[in-house]
Amino acid sequence: MSNTHICPTCDEEITLPEGTVAAELITCDECETMLEVVGGPDGLTLTEAPEVEEDWGE
Ligand SMILES: [Zn+2]
C-alpha cells in the first residue's frame, strides 16, 4: 500500500502521513496549494481544496 500521491496542481509527489483520512486538508510543500484528501473506491486521492472564506452559514 502506497501513501504516495501526486499533487494535482504541480505534479509533485506527496507522501501522506500515516493515519491520514478522507476529508483532511493538507498543504503541498512544493506549491503550497491547499489540498483535500478525498476517499474513493481505490483509496485516497488528492484534489484542490475549494477556497473557504466567509461562506459558512447555509
Ligand atoms: Zn503542489
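Keep in mind the model is a prediction, meaning the values are calculated, not measured.

Draft legend 1. Layout of the sheet that holds strand E3 (residues 25-27). One open sheet accounts for 3 strands, arranged E3-E4-E5; its pairing is antiparallel. Whereas interior strands pair on both sides, the edge strands pair on one side only; in this sheet they are E3 and strand E5 (43-48). Shown here is a sheet whose adjacent strand axes are inclined to one another by a mean of 40°, direction ignored. Inspection of the sheet shows E3 paired to strand E4 (residues 34-40) by 3 bridges, in the antiparallel sense. Bridge pairing in E4 places Thr 27 opposite Met 34.

Cut-off values and rules
Residues numbered from 1 in each chain as written. Predicted model: local features only at pLDDT ≥ 70, side-chain atom pairs only at ≥ 80, totals over all residues. Pairing = 2+ DSSP bridges. Helix = DSSP H or I, 4+ residues; strand = E, 2+ residues; numbered from the N terminus. Axes fitted to C-alpha atoms, helices over the stretch in contact; angles between N-to-C directions.

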